[in-house]
Amino acid sequence: MSLSTNLNIPRDGQASVSRPIRSAASLPRLLHSLGDENKSVLSLMANADHIFTGGQGQDIAVWDRHTFTLKTSLRGHTGSILALELAEEKGWLFSASGDSTVRVWSTVTFLPVYILNPYLETGAGDLFSLAWNPAMQIIYIGCQNTSLQWQGFSKFQLDRHVEEQWGSGTSTPTRKVHKFFDSYPQYTHRPADLQANNFSLSSTTNHGALVGTNALINISATNVIDSAHFGYIYCMALLPSTREGTGHFAQKPGQNYYLITGSGDETVKIWRCNPSGLNMMHSFDCQHGAILSIVASGETIYAGCQDGHVKVLDFETRTLVRSIIVQENVDVLSLSIMQSDLYTCSANGHIHRWSSSFDCTASWEAHDGIVLSSVVSCSSDRKSFCLITGANDGFVKVWAIAPEAEDNLSHLHEASALIPDSDVTQGDTMTYALSKFVSIPSVSSDLNHREDCRQAAIWLKKGLNQLGAQSALLPTREAGSPLVLGTFHGTEGKHPKPRILFYGHYDVISAPPEGWDTDPFIVTGRNGYLYGRGVTDNKGPIMAVACAAAELLQDRALGVDLVFLIEGEEETGSAGFVDAIKEHKHLIGNIDAILLSNSTWISEHHPCITYGLRGVVHSTMEIASGVPDLHSGVEGGAAPEPMFDMIRLLATLMDGEGKVAIPDFYNRVRHQTEAEKQLYNILSNVTQTPGSVLSSRWSEPSLTVHDIEVSGPRNSTVIPGKVTAKVSLRIVPDQDLQTIAQSLVNHLRETFDEFRSPNQLSVSIDRTADWWLGNLDGPWFKALNAAVHGEWNVEPLLIREGGSIPSIPYLEKEFGCPALHLPLGQSTDQAHLPNERISLNNLSRGKSVIKRFLSIATNLHAPTE
């Protein structure tokens, strides 16, 4: 089915950006087929012992999962069974029908428990969808008349229902007939099946079967949202919330569920559940036909559409993440999810399995007809799983499935998987969590890994939350990777708590397998080191700081608020970072100091503190002739060549002594002090590198030509019509970033004008970052210095870096507070290179340094206004 390694062609020939199916051997195995070819299977539900199927017939078939035999049938409906739902903690099965009733059955005795009549002032019509809220004991019902209705089953709710609708009488209220929706016989007296069993609302057996009278419930008008959508409500799902007071959907204690609904009006809506009803929070406009199926997992909502698309929606940031093209113009009628695997069921009988990165990992023709329903269920011992599907061919099929392991998707993304068993140490937590974190290939420079970046953010948000932080995702630019915001709240004291912001990044650079001894996205321990992409830059330090805060929090010894701000595009220039910080600054709050750990020591054995970074100006120069590429054998010597102009222009950027020749470039460069000269002498002895070399790398400006590209086929007979060069300037204190950038542009343009060339020059400034220099005399630096000394029992070396981190000088200016840079790794950690590694000793002791620093920082009281 594939044309290349990154293109998948569905059966209708429309190209998809998802990667192709990898192995037919991974197809689920058909365990058994059940059913009657003369009856369509419209709805399915299963528990550990039974499979429940509803269809065009009026009965619900109950199949034994162990023997695959028909055990019984549940009779009572007078219309097709359109939806089934389980309340496993109550031992109930809900069924919704075209007869405009919902019935409740015991899954133990298979006797009826309740009959629910929707509120019929305007006529509910067919009841297409159900969702059970176990926390609030409420069933939600999606109706043909576009209303959303619900009924509670707690003792309080039922008692109130009796008082409001029944009083002391015993007669059944009359159901109001709707002339359009109600085309079936109506009754105005107690149904025979209720009379025969003599049911009651107030007395139940252990398994939910009722005894007594009055088991008929009429949903009241207060439990209805009319016109919840502008179309039939075909599907719904319940999404448990993991937030506590943060993010877009902050909740009060006890309200921890959201209802997701999909409709023929092409929208997906999010409703906040509370005991008294629903509040609409957000509406997604999917614009690809009716929403026919919905499933939710973690922070992600999947919506199956009428035209063959599945819309992937992020719950917290309220953004469209992806549109999966399953098969063009083939309705996606049912969705099921098993951990990281999404199963899409289509109207042509096909089922596709999709990985967390939206690669199609399996596709097969499951039914000879329209697949109308599906459910994933586990065995009673929870050791095996199956996908159960139903279609209009009359068959229910049971498929053996397991989480897809081929793509190493175990990182998706169970929060409970972050922390091992409670009897292990926090150090084990750190390395275990790091292995999970690294397994997510969050390569920000590769569009194929865009979803991996988002999943890394989701995983980290959940991990921070599990370690004790309040965490949330903050959206950045359109299609950008979200920021992770997490706050470890310290113990309240008699003085204001300092607030420290820890900055890091969860994205990594690419890791081509060439040169690696092991899989770069599987953490491997060898001779005291952990190997894997991101272990030192920057996932290892992030987990060390998080676990340090968690240990202090567990010991009730965290005296500061530690705010994590982790971005996902640092390796590609932090696009959208500044705008996102400005937009969400009120969520971050006031900050007293900034901490990062995003570099390495200068040596193998001596701890360091980084106190300076150079800034950078990245630019692109293009010289073009305005005509197509020419043949050098025909036009050579006659045509003014852009390459000659580019060579001459680049040569003017440096003088004969290797200095930058841009006018006034060095005017504001800060002169080296005697203290700095002494520092470089110390570092020279440690590294066996001349101090002048270290100084030129760290505290002197420089210019680099990175690349020259030409148009055309790049062979030796072509005169390229366009030549492009990439040039950067590294700047130092006290050079002004904007002045230097403009000086570069001015110099290039003025010099090129002097050439009097007929060719055209264009210059652009692509991105910039300012220089940063820490305050070595400030209290925050002294606290960090004391923490390093206390852990390693030596004075840390004070070093600078020749590179740039754009976010640090910006954050320092934005929050008006000092920044501190604590490297954890060693000089041989191979960041950005094959076999990236970090010492287990450095990681563990780095965590201890952070704990010491946070403890000392408790006494650095936040200033009061």
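Here the structure is a predicted model, which means the values were calculated and not measured. (Residues numbered from 1 in each chain as written. Predicted model: local features only at pLDDT ≥ 70, side-chain atom pairs only at ≥ 80, totals over all residues. Heavy atoms only, no water.)

1. Examining the state of the cysteines
Our working rule: Here, two cysteine sulfur atoms that lie within 2.5 Å of each other are counted as a disulfide.
Under the criterion given, the structure shown has 0 disulfides. With no disulfide of its own, Cys378 lies 8.5 Å from the sulfur of Cys386, the closest cysteine sulfur.

2. Focus on helix α9 (residues 674-687)
Applied cut-off: Each helix is a run of DSSP H or I of at least 4 residues and each strand a run of E of at least 2, with the numbering of both proceeding from the N terminus. Multiply 1.5 Å by the residue count of a helix minus one, and that product is the helix's expected span. Relative accessibility decides the category of a residue: with a 1.4 Å probe and only protein chains considered, values under 20% of the type maximum give buried, values over 50% give exposed, and everything between is partly exposed. In this description, one arc is meant: the one made by directions from the helix axis to the C-beta atoms. By the convention used here, residues are in contact when the closest approach between their heavy atoms is within 4.5 Å.
Here α9 spans 20 Å end to end across 14 residues, near enough to the 20 Å set by a 1.5 Å rise per residue. Among the residues of α9, those classed as buried are Glu676, Leu679, Tyr680, Leu683, Ser684 and Thr687. Angularly, the buried residues of α9 cover 145 degrees about the axis, an arc narrow enough to put them on a single face. Of the exposed residues in α9, those oriented more than 90 degrees away from the buried face are Glu674, Ala675, Gln678, Asn681 and Asn685. Of the surrounding elements, those touching the buried residues of α9 are β39 (608-613), α10 (691-698) and β47 (797-801). Trailing α9 by a residue or two, Gln688 shows a phi angle of about 60 degrees, which is positive.

3. Points about unusual backbone geometry
Peptide bonds are, in most cases, trans, and in most cases residues other than glycine have a negative phi. Asp537 connects to Asn538 through a cis peptide bond whose omega is 15 degrees. Looking at the element boundaries, Asn538 is found in the loop between β36 (529-531) and α5 (539-554). In this structure, the amide linkage connecting Pro733 to the following residue, Asp734, adopts the cis form with an omega of 5 degrees. Mapped onto the secondary structure, Asp734 falls in the loop between β44 (722-731) and α11 (737-755). Notably, Thr146 is not glycine yet its phi reads approximately 75 degrees, a positive angle. Within the secondary structure layout, Thr146 lies in the loop between β13 (138-143) and β14 (148-152).

4. So, the packing of aromatic side chains
The geometry of an aromatic ring pair comes down to the distance between the two centres and the angle between the two planes. What counts here: Put simply, two rings from Phe, Tyr or Trp (the six-membered ring, in Trp's case) pair if the centres are within 6.5 Å, and we call them stacked under 30 degrees between planes, edge-to-face over 60, tilted for the rest. Here, over-ring charges are defined by two tests on the NZ atom of lysine or the CZ atom of arginine: distance to the ring centre within 6 Å, and angle to the ring normal within 35 degrees.
Scanning all chains against the criterion turns up 24 aromatic pairs. Aromatic side chains Trp92 and Phe153 sit 5.2 Å apart centroid to centroid with 75 degrees between the ring planes, which places their arrangement in the edge-to-face category. Here Trp92, found in strand β9 (residues 92-97), pairs with Phe153, found in the loop between β14 and α1 (155-165); they are 61 residues apart in sequence, far enough to count as distant. Aromatic pair Trp132 and Phe153: ring centres 6.2 Å apart, planes at 55 degrees, arrangement tilted. Here the residue Trp132 occupies a position in strand β12 (residues 127-133), and Phe153 occupies one in the loop between β14 and α1, the gap between them amounting to 21 residues. For the pair Trp132 and Phe153, one class covers both residues: buried. Linked through ring pairs, Trp92, Phe94, Tyr114, Trp132 and Phe153 together constitute an aromatic cluster. Between the NZ or CZ atom of Lys539 and the centre of the ring of Phe437, over which it lies, the distance is 4.9 Å. When the ring centre of Tyr529 is taken as origin, the NZ or CZ atom of Arg837, which lies over that ring, is 3.6 Å away.

5. Things to note about the nonpolar core
Using the following cut-off: Among the buried residues, those of types Ala, Val, Leu, Ile, Met, Phe, Trp, Tyr and Cys that are joined through side-chain atoms within 4.5 Å form a nonpolar core.
One finds Phe488, Met543, Phe564 and Phe853 to be the most contacted residues of the largest nonpolar core, which totals 70 residues. For this core, the element with the highest residue contribution is α5, accounting for 10 residues. With 26 residues, the next largest nonpolar core counts Ala725, Val745, Phe752 and Val763 among its residues.

6. Digging into the sheet that holds strand β4 (residues 41-46)
Stated formally: For two strands to pair, DSSP has to find at least two bridges joining them. For helices, the fitted axis covers only the stretch in contact; all axes are lines through C-alpha atoms, and the angles between them, taken along N-to-C directions, range from 0 to 180 degrees.
Pairing in this open sheet of 4 strands is antiparallel, and the strands run β4-β5-β6-β7 from one edge to the other. Among the strands making up the open sheet, the edge pair consists of β4 and β7 (70-74). Each strand axis lies, on average, 20 degrees off the axis of its neighbour in the sheet, ignoring direction. By the bridge criterion, 4 bridges tie strand β6 (residues 60-64) to β7 in an arrangement that is antiparallel. Bridge assignment links Ile60 to a residue of β7, and that residue is Leu74.

7. Quick word on empty space enclosed by the protein
Summary: where empty space remains is shown by rolling a probe the size of a single water molecule over the atoms. This is how the line gets drawn: Here a cavity is any set of points on a 1 Å grid over the protein atoms alone where a 1.4 Å probe fits but cannot get out, and a pocket is any open set with protein on both sides within 12 Å along at least 5 of 7 lines; a residue lines the site when it has an atom within 4 Å of a point. Grid points are joined across faces, edges and corners, and a volume is the space filled by probe spheres set on the points.
Taken as a whole and assessed by the stated rule, the structure comprises 2 cavities of 30 Å³ or more. Here the largest cavity is characterised by a volume of approximately 60 Å³. As for the largest cavity, its lining consists of Trp601, Pro607, Cys608, Val788, Trp792, Leu822, Pro823, Leu824, Asn842, Arg845, Gly846 and Val849. Listing elements by their share of the lining of the largest cavity, those giving two or more residues are α12 (779-792) and α14 (840-857).

8. Some words on the pattern of salt bridges
Our working definition: The term salt bridge refers to a pairing of a side-chain nitrogen on Lys or Arg with a carboxyl oxygen on Asp or Glu at a separation within 4 Å.
What the rule picks out here adds up to 21 salt bridges. Residues Glu791 and Arg845 are paired through a salt bridge, measuring 2.9 Å at the closest nitrogen-oxygen approach. Of this pair, Glu791 sits in helix α12 while Arg845 is found in helix α14, placing the two residues 54 residues apart along the sequence. Each of Glu492, Lys497, Arg499 and Asp561 takes part in one network of salt bridges that share partners.

9. A few points about the layout of surface pockets
As a reminder, the rule being used: Note on residue classes: Ala, Val, Leu, Ile, Met, Phe, Trp, Tyr, Cys and Pro are nonpolar, Asp, Glu, Lys and Arg are charged, and everything else, Gly too, is polar.
If you add up the space inside the second largest pocket, you get close to 990 Å³. Along the wall of the second largest pocket there are 37 residues; nearest its centre are Asn598, Glu801, Gly802, Gly803 and Ser804. Counting only elements with at least two residues in the lining of the second largest pocket, the list comes to β40 (615-624), α10, β45 (760-769) and β47. Counted by class, the lining of the second largest pocket contains 12 nonpolar, 17 polar and 8 charged residues.

10. Section: the environment of Lys782
Assignment of secondary structure puts Lys782 in helix α12. In the structure, Lys782 is positioned 75 residues away from Ala857 in sequence and 10.0 Å away in space, judged by C-alpha atoms. Residues in contact with Lys782, not counting those within four places in the same chain, are Leu776 and Asp777.

11. Digging into the pairing of strand β11 (residues 112-117)
With 6 of 6 residues buried, β11 lies mostly within the body of the structure. Here strand β10 (residues 102-106) folds back onto β11, and the loop between the two strands holds 5 residues, one of which, Phe110, carries a positive phi near 65 degrees. Note that β11 and strand β15 (residues 216-218) share 3 bridges and pair parallel. Residue pairing across strands places Ile115 opposite Leu216, the latter belonging to β15.

12. With respect to the confidence of the model for the protein
When pLDDT drops low, the exact placement of atoms in the prediction is not to be read closely. Applied cut-off: pLDDT gives the predictor's per-residue confidence on a scale running from 0 to 100.
When pLDDT is averaged along the protein, the result is 85, and 85% of the positions lie at 70 or above. A low-confidence stretch, residues 1-19 stays under pLDDT 50, and its non-local contacts, those more than four residues away or across chains, total 50 contacts. Considering only residues more than four positions removed or in separate chains, one finds that residues 419-427, a stretch of pLDDT under 50, has 13 contacts.

13. Some words on the environment of Leu120
For Leu120, the position within the fold is in the loop between β11 and β12. When the C-alpha positions of Leu120 and Ser100 are compared, they lie 9.3 Å apart, and in sequence the two are 20 residues distant.

14. Notes on the pairing of strand β20 (residues 277-285)
With 8 bridges connecting them, strand β19 (residues 267-274) and β20 associate as antiparallel partners. For Trp271, the partnering residue across the bridge sits in β20 and is Met280. Between β19 and the antiparallel strand that follows it, β20, lie 2 residues.

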